[in-house]
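So you can see what is in the structure, the chains are spelled out below.
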Amino acid sequence: MSIRQAALYLGLASVLGVGSAVAAQEITTEPLECLPNESTIGYSAQVAPEIEGSEQVRLYFRRLNKTGAFYWVEMNPKKGDGEYWVVFPKPEERNQQELTDEWWEILQDRDWAQDHDREWLEDWLENQEHEAAEYYVSVTDVAGAEVGRTETRLVEVRDYEDCRFGLDPFELGQSKNLVVGETTDFQRGKEVFHWLCDGLVSRIDPVGVLRADETCRSCVVAGWLPIASTAGALVAGTTIEKREPRRASDTQP
């Protein structure tokens, strides 16, 4: 093993906890029952014990559509006890698309599709009044590279009357001051695909540059300060594992 290879291995080991107690760290999240149409909801996860370092904990999200790439929002540590929280952007009013042969070839490899066949998915999609969504939680290093993640989950979007959740003051504050990260250059200068502008004030491009949102033009609500990011890693109900990051594309379904 060369010096360079050894250095890369040691760097990866420090992130993933190879050979230490971090590798056995149990991180749990609960699957969402639904997302409220044209409204928002809070989401949380627990890290025990909490991981320290320069990593970010991110919630990735997208609508269940044949086109469009993922976006992300950073999760906030709560009181330093290993709990992380965030709010989703508000889903836009959209109808669910029908399943095609080409789309099924892609979706059948999703985590949430592993125990289902095409007939199940066709029936499920036909019963959706609104376009559904996909989401997962990822751990990224200081350079933004993915070092661990949860499975991708599928969630229904329902009318607010059928999916009503209250927000605490911190969640309400963030819902009016959202900073959304992009995963592809194609997303720049465009509204967040099939999500409302309401509350969105800033964007982060794929190389980590923060800028004011140039399409939504929302107003920042004074008096709310986001909690500073601390280290953390999330894997839903399992140990941290290394996965190759999925390529982000303007047409990635």
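Structure: see above.
Residues numbered from 1 in each chain as written. Predicted model: local features only at pLDDT ≥ 70, side-chain atom pairs only at ≥ 80, totals over all residues. Heavy atoms only, no water.

**Remarks on the nonpolar core**
Ranked by internal contacts, the top residues of the largest apolar core, which has 25 residues, are Leu32, Leu35, Tyr43, Leu59, Phe61, Met75 and Phe88. Counting residues per element, the ones that place at least two in this core are strand S3 (42-48), strand S4 (56-63), strand S5 (71-74), strand S7 (83-87) and strand S8 (133-140). Core analysis: the next-biggest nonpolar cluster, separate from the first, contains twelve residues, Trp112, Leu121, Trp124 and Ala132 among them. (Core = buried A, V, L, I, M, F, W, Y, C linked by side-chain atoms within 4.5 Å. Buried < 20%, exposed > 50% of the residue type's maximum accessible area, 1.4 Å probe, protein only. Helix = DSSP H or I, 4+ residues; strand = E, 2+ residues; numbered from the N terminus.)

**Re the layout of surface pockets**
Approximately 220 Å³ is the volume attributed to the second largest pocket. As for the second largest pocket, its lining consists of 16 residues, and the residues nearest its centre are Tyr71, Phe186, Lys190, Glu191 and Phe193. Of the residues assigned to the lining of the second largest pocket, the class counts are six nonpolar, five polar and five charged. (1 Å grid on protein atoms, 1.4 Å probe; cavity = no way out; pocket = protein on both sides within 12 Å on 5 of 7 lines; lining within 4 Å. Points joined across faces, edges and corners; volume = space filled by probe spheres on them. Nonpolar A, V, L, I, M, F, W, Y, C, P; charged D, E, K, R; others polar.)

**A word on helix H3 (residues 118-126)**
Within H3, burial applies to Leu121, Trp124 and Leu125. The buried residues of H3 occupy an angular sector of 95° when the element is viewed end-on, so they sit on one face. Facing away from the buried side of H3 by more than 90 degrees, the exposed set consists of Glu119 and Glu126. The inward-facing, buried residues of H3 abut helix H2 (101-107) and strand S10 (153-155). A distance of 3.3 Å separates the backbone nitrogen of Glu119 from a side-chain oxygen at the start of H3, and that oxygen is part of Asp117. (Arc of directions from axis to C-beta. Contact = heavy atoms within 4.5 Å. Polar contact = N/O pair within 3.5 Å; in protein donor to acceptor, adjacent residues only side chain to side chain.)

**Topic: the state of the cysteines**
Defined simply, a disulfide is a covalent bond joining two cysteines at their sulfur atoms. Considering all chains together, one arrives at two disulfides under this definition. Covalently, Cys34 is tied to Cys163 through a disulfide, its sulfur atoms 2.0 Å apart. On the S-S bond that ties Cys34 to Cys163, the torsion sits near 100°, and the link is right-handed. With Cys34 in the loop between strand S1 (26-29) and strand S2 (35-36) and Cys163 in the loop between strand S11 (157-158) and helix H4 (169-175), this residue pair connects regions lying 129 residues apart in the sequence. Assessed through its relative accessible area of 1%, Cys34 is described here as buried. Residue class for Cys163 comes out buried when judged on its relative accessible area of 1%. Across a sulfur-sulfur distance of 2.1 Å, Cys197 and Cys216 are joined as a disulfide pair. Its S-S torsion of approximately -70° makes the covalent link between Cys197 and Cys216 left-handed. Of this pair, Cys197 sits in the loop between strand S12 (178-182) and strand S13 (200-204) while Cys216 sits in the segment after strand S14 (210-212), and the two are 19 residues apart along the sequence. (Disulfide = S-S within 2.5 Å.)

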